[in-house]
Amino acid sequence: MSIVPKETVEVIAQSIGITNLLPEAALMLAPDVEYRVREIMQEAIKCMRHSKRTTLTASDVDGALNLRNVEPIYGFASGAPFRFRKAIGHRDLFYTDDREVDFKEVIEAPLPKAPLDTEIVCHWLAIEGVQPAIPENAPLEVIRAPAENKPHEQKDGPLIDIRLPVKHVLSRELQLYFQKIAELAMSKSNSALFKEALVSLASDSGLHPLVPYFTNFIADEVSRGLNDFQLLFNLMHTVRSILQNPHIHIEPYLHQLMPSVVTCLVSRKLGNRFADNHWELRDFTANLVALICKRYGTVYITLQSRLTKTLINALLDPKKALTQHYGAIQGLAALGHNVVRLLIVPNLEPYLRLLEPELAAEKQKNQAKSYEAWRVYGALLRATGLCIHDRLKIFPLSPSPSPSFLHKGKGKIINTEPQKRKLSVDSSENRSPQKRLITKDGPDGVQSQDHTGVAPMQVDNPVENDNQPQNSAQPSSSEQTSDANESESRNGMVKESGRGRAITMKAILDQIWKDDLDSGRLLVKLHELYGDKILPFIPSTEMSVFL
Amino acid sequence: MDPEQINEFVVGYLKKKGFSSAAKDLEDFHHHNNGSSLSSIDYHNDPELTKLIRSFSQQEDDPTRYRECYSKLRSWAYNSLDLYKHELLRVMYPVFIHCYMDLVGKGHTQEARGFFNSFRKDHEMVHLRDLQKLEGVLAPSHLEEMEFARSLRKSKVNIKICQYSYDLLLQYLHRTESTLMLGIINEHINFQVYSGQPTSSSDDIEAVTIVGSFQDTANHINQKEIQWGLLEDSLEDRLEKTGGLLSDSEKGQGESKDGDADDSKKRPTDIGKQGSSIKKLKKDKAGNATAKVARLETSTVPPTPRVKPELALPVMSTDVEQTILEDLRNRVQLSSVAMPSVSFYTFVNTHNGLNCASISHDGSLVAGGFSDSSIKVWDMAKIGQTGSGALQGENDTNDPTIGPNGRRNYTLLLGHSGPVYSATFSPPGDFVLSSSADTTIRLWSTQLNANLVCYKGHNYPVWDVQFSPFGHYFASCSHDRTARIWSMDRIQPLRIMAGHLSDVDCVQWHPNCNYIATGSSDKTVRLWDVQTGECVRIFIGHRSMVLSLAMSPDGRYMASGDEDGTIMMWDLSTARCITPLMGHNSCVWSLAYSGEGSLLASGSADCTVKLWDVTSSTKSTKAEEKNVNSNRLRSLRTFPTKSTPVHALRFSRRNLLFAAGAISKPAS
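Note that the coordinates shown come from a computational prediction; the quantities given were computed from them, not determined experimentally.

What about the UniProt feature "repeat: WD" (unreviewed entry) in chain B?
Residues and elements named next belong to chain B. Under the feature "repeat: WD" (unreviewed entry), the UniProt entry names residues 347-380, 413-445, 455-496, 497-538, 539-580 and 581-622. Along residues 347-380 the backbone is 3% helical and 56% strand, and the end-to-end C-alpha distance reaches 13 Å. Secondary structure content for residues 413-445 is 0% helix and 58% strand, while the C-alpha to C-alpha distance between its ends is 10 Å.

With respect to the interface of chain A and chain B
Across the boundary between the two partners, chain A contributes 45 residues, which contact 70 residues of chain B. Carbon and sulfur atoms make up 58% of the area that chain A and chain B hide from each other, which totals about 5200 Å². A per-residue breakdown of the area chain A buries against chain B is headed by His50(A), Ile120(A) and Trp124(A), which together make up 17% of the total. Put simply, chain A and chain B have five salt bridges between them. Notably, a salt bridge pairs Glu34(A) with Arg113(B), separated by 2.9 Å at the nearest N-O pair. Viewed at the interface, chain B and chain A are joined by 21 residue pairs in polar contact (both at pLDDT 80 or more). A per-element tally of the side of chain A that touches chain B places helix α2 (residues 23-50) of chain A first, with 13 residues.

Section: the sheet that holds strand β29 (residues 635-640) of chain B
Residue and element names in this part refer to chain B. The sheet built from four strands is open, its strands ordered β26-β27-β28-β29 with antiparallel pairing. Each edge of the open sheet carries a strand with a single partner, namely β26 (588-593) and β29. For this sheet, the mean inter-axis angle between neighbouring strands, taken without regard to orientation, is 15 degrees. Examined bridge by bridge, strand β28 (residues 608-613) and β29 share five bridges and lie antiparallel to one another. From the neighbouring strand, Lys-610 faces β29, where its bridge partner is Thr-638.

Quick word on the sheet that holds strand β16 (residues 482-487) of chain B
All names here are of chain B. Here we have four strands laid out as an open sheet, ordered β14-β15-β16-β17, and antiparallel in their pairing. Bordering the open sheet on either side are β14 (462-467) and β17 (495-498), each of which pairs with just one other strand. Averaged over all pairs of adjacent strands, the angle between strand axes in this sheet comes to 20 degrees, irrespective of strand direction. Pairing analysis gives five bridges linking strand β15 (residues 473-478) to β16, with the strands arranged antiparallel. Residue pairing across strands places Phe-474 opposite Trp-486, the latter belonging to β16.

Details of the environment of Ala138(A)
Mapped onto the elements, Ala138(A) comes out in the loop between β3 (119-126) and α5 (172-186). Given a relative accessible area of 11%, Ala138(A) falls into the buried group. In this structure, the C-alpha to C-alpha distance between Ala138(A) and His247(A), residues 109 residues apart in sequence, is 9.4 Å. Dropping the residues within four chain positions of it, Ala138(A) is found in contact with Pro640(B), Thr641(B) and Lys642(B).

Thoughts on α2(A)
Residue and element names in this part refer to chain A. Between its terminal C-alpha atoms α2 stretches 41 Å, which fits the 40 Å expected from 28 residues at 1.5 Å a residue. Along α2, the sharpest change in direction is near 30 degrees and occurs at Leu-29; proline Pro-31 comes one to four residues later. Of the residues flanking the end of α2, it is Lys-52, one or two places downstream, whose phi is positive at about 55 degrees.

Cut-offs applied
The residue numbers shown here count from 1 along each chain, following its written sequence. The lettering of chains begins at A and the numbering of ligands begins at 1, in the order of writing. Reporting of local features is limited, given that this is a predicted model, to residues whose pLDDT is at least 70; pairs of side-chain atoms are given and counted only at 80 or more, and all residues count toward the totals for whole chains, interfaces and linings. By convention in this description, side-chain values take in all heavy atoms of the structure and omit both hydrogens and water. UniProt positions are given in the numbering used here, feature names are shortened, and annotations may be inferred rather than shown by experiment. Note on conventions: DSSP H or I runs of at least 4 residues are helices, E runs of at least 2 residues are strands, and numbering of each starts at the N terminus. The contact criterion used throughout is that any non-hydrogen atoms of two residues lie within 4.5 Å. In this description, buried area is defined as the sum, over both parts, of the accessible area (probe of 1.4 Å) that is lost when the two are combined. A pair is scored as a salt bridge if a Lys or Arg side-chain nitrogen falls within 4 Å of a carboxyl oxygen belonging to Asp or Glu. Here a polar contact means two N or O atoms within 3.5 Å. Within protein one must be a hydrogen donor candidate and the other an acceptor candidate, and residues neighboring in sequence count only if both atoms are side-chain atoms. If DSSP finds at least two bridges between two strands, the strands pair. Here an axis means a line fitted to C-alpha atoms, over the contact stretch when the element is a helix, while the angle between two N-to-C directions is reported on a 0 to 180 degree scale. A simple rule labels every residue: compare its accessible area, found with a 1.4 Å probe on the protein chains alone, to the largest value its type can have, and call it buried under 20%, exposed over 50%, or partly exposed in between. Helix span is expected to be 1.5 Å times the residue number reduced by one. Bend angle per residue: angle between axes fitted to the 7 residues ending at that residue and the 7 residues starting there.

This is how it looks when you write it as structure tokens:
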């Protein structure tokens, strides 16, 4: 009846040495205990309020006990929250984890750093009702200047002269900040100072008014400095920092930023010296592009489609340089496995054919060109390899079998035997997985069972992988049979029972089945194209099943 | 049913109720009369009446009946007509708590708990805090012990209800013979029936507050007369005279003074722009000739009355007077279109120990009271030049804390032996008063950096202490439910104000020094006459403990902020809430009126400083009552801080707003 059960009272009584407490007495005491605890908490909350806090601490409770003339409870420093451990074997029993502390350890431990002394920092929260955008203030609401009206002026002139439809006053501090950052980016060095600046750019609030200036700056410098590798790299780092800053809304300026970023990805030439590691820049930029797509893809629906179109056009144009191809592949690969599967894989075969002559180094007079070709080949291999790796991950073939997988296996069995009475299947479908789980309790058992379950349907991709000759024939045949089975079973289902649930179940199973098949075929194709080079990308568990 | 049976029922009922002597008398009476002609009503053939009588003699003590009856009443109320529903639902809460307390009182703890838990959801939104208190009541003895429960039991709740709702309710109660509910309602609710349509707002504050026994006394007390006017011959008045002279002479001289020239240039344009609404609020601050013109135009508004001080006020030195006059002359005029600048003092590295902060009247001194019993006073004028500066520009915002290395740049005042809950500066800034959990109040000199006096009198932690507007006197309030008036030269309190039903959490002086206001955990604000020590006003309406108070400079209004984030504006003379200002969603730690009373600033635990338009809030309440969204209009600005709860606010005499708070998480 009260929150405090009588058992607690008994336990407390025992702990202070009263052994002969009557259960009735405990029962009577329990509500009073609760009342007292509530009383103390009420006073503790008052203490908390007067300490101008909104979280209750142990010291507040001490203060409340003090008010009631009760001796405070010692040993509770109001620091870290208590760690409660669950008592083994009991459901709702917890205890605090109280470690024994060795005095020697405490004494010998070095003195902790002295806490910093209290200081007062003064700043303007508002000036005549307007909050200045300084780091001391909370980030402002986004100033939504109409971005499309923004004039593209030369950046050489003083910044303040840029006239916007909305009067946009940059404080002196912000102007200095911008100049400093711009200087550092232009300095073409990779100094520690620049790194600090990047961190500041990525974390400081109040920088939002500078965003249009930064976008303009980056766009200008990229178009002007394509030959300067270090500058480009610095600029891309700047872009990334701006993107990372949680206080900046970059969306309205993305369309200005994207061309320069994509330029750094697929430009024919980045940097003018051979030593410039433009591959690294392209990789970095590819990740940047992927980051942008992931973050703002939902806001700009056309963003990703436009981007992929640009990249795939660059890739499929044989006139374009290999460096451009490389950038396009990296960009597409960074966008995710689905993009790779849908855009690169279909074009893989013709492209590799095109690449083949370049790869053969001895035929090439130009050593550099062959190197580039191998880079492209490597990028392709990586992209598709990761893609197939991801696809294979979808199979829950790992040693711990999930029920869904077992369902899947069961579904296939049903397909093989369409003549079976559907009603009974329905029920067995529900029951059998659990049964199997119980009977087969080792991972080995499950795997072997899995083989037997799948084998009749010839979905056994590993077989295909091993003996190449059968490759061409089998997938198609399996597909046909499965299609036939599907239609048959579906008809039967509709006719016989027409249960909605069963049908949706069926649809799901079909989908999984198809996916299965797709990736199987994909793997085969990749293996054809790459030979054994693709194998490292296939997860070991899959290898063991497939090979 | 024959009379014999009825007699049996009646006797049985009386006996059950413990009126054995009455039962005996009745029996005797019946023996004498032998049922000759008792009945003027024909209850023989009235089955309704029979049932009713029978129900009386039923098992009265059956705890399940409470639940049954209440849930029936509840479902009926929820299914009633929309128009009247909110009025009927209002009845549910008192019925609910009294059912619960009845159950507890009869010892059915378990049933009481079950009953409470099944229906508490209905009332949580409005009465959460009361419910939390009541929840702990589990034994009859608790009912006696707990102040809140006792006051609830003793008093009747006033509920305003329209005639039709009342009829509906009575009809229902009679039809269903729920005598139990009828009993509770009769016993604990005092209906104030009015004719006409039910009030539209279901959120009527008066209707939902249950205040215990003092509703009636409050009404009575609030009849007393108070003189809220400003003091005669105040500095402002003097300024008006001298200011008038000054500007007259200026006209002759052709605007020689820069500062004043600026002002007088600005003001005519202001007035031209903003029209008459602005003129009104300028009525009493008349700094120069233009303002005087404005005053003439708005002569329809009665000028603030003047009163005599009831206390012997300290004499102000002429230097101090001069600086104040100078400040007043240079005051920036604030209004809904002319916002103040806000200078924010952030305490860093407080390690969660800052209990209170206080800013001196000119903003140059900042004091912090800490939970380790220390008080630290920073002289901002020494640290940087930011302290003094309404005239300074944006460029001075550079970090002023770089003091002399290796030395702390504040004054440490040690003396208390418990957490310091409040600190306040005397108006000229030469003294600091602090109050602490060690039940003492200490007076410190900022020139000597030493403790001068220790005032002992309170028996429990002293939550708040405030200097009077003219110094010398101060008021304190404590957990011991009293507020006390002291003067600096006596170690005994001059007055003790007792009357609050719970802790007195905050105290504030009226600008004319004749009254103090106190806010309490019993959710009321009271106004006390300093001279007599009597309570002269009770302000009822808050739903949780009152944490902060502010008095408007013209002495007419008061603002109070509570734990939930509600701010209420009160009219002192009528003791009515002019308007609740909603917007904060956590404790309002601090409130401050601007120098001429046109703006109210509030600082809260939700890390914002808000500015409210007082003039529109006070003027047009009647008209805006219909407009539900009008609350939003009155909030002029919100300044979010960087995760810094705002502990203290202060408008300087020149209307620069100072705010202070401790950053709540360590800077990364």
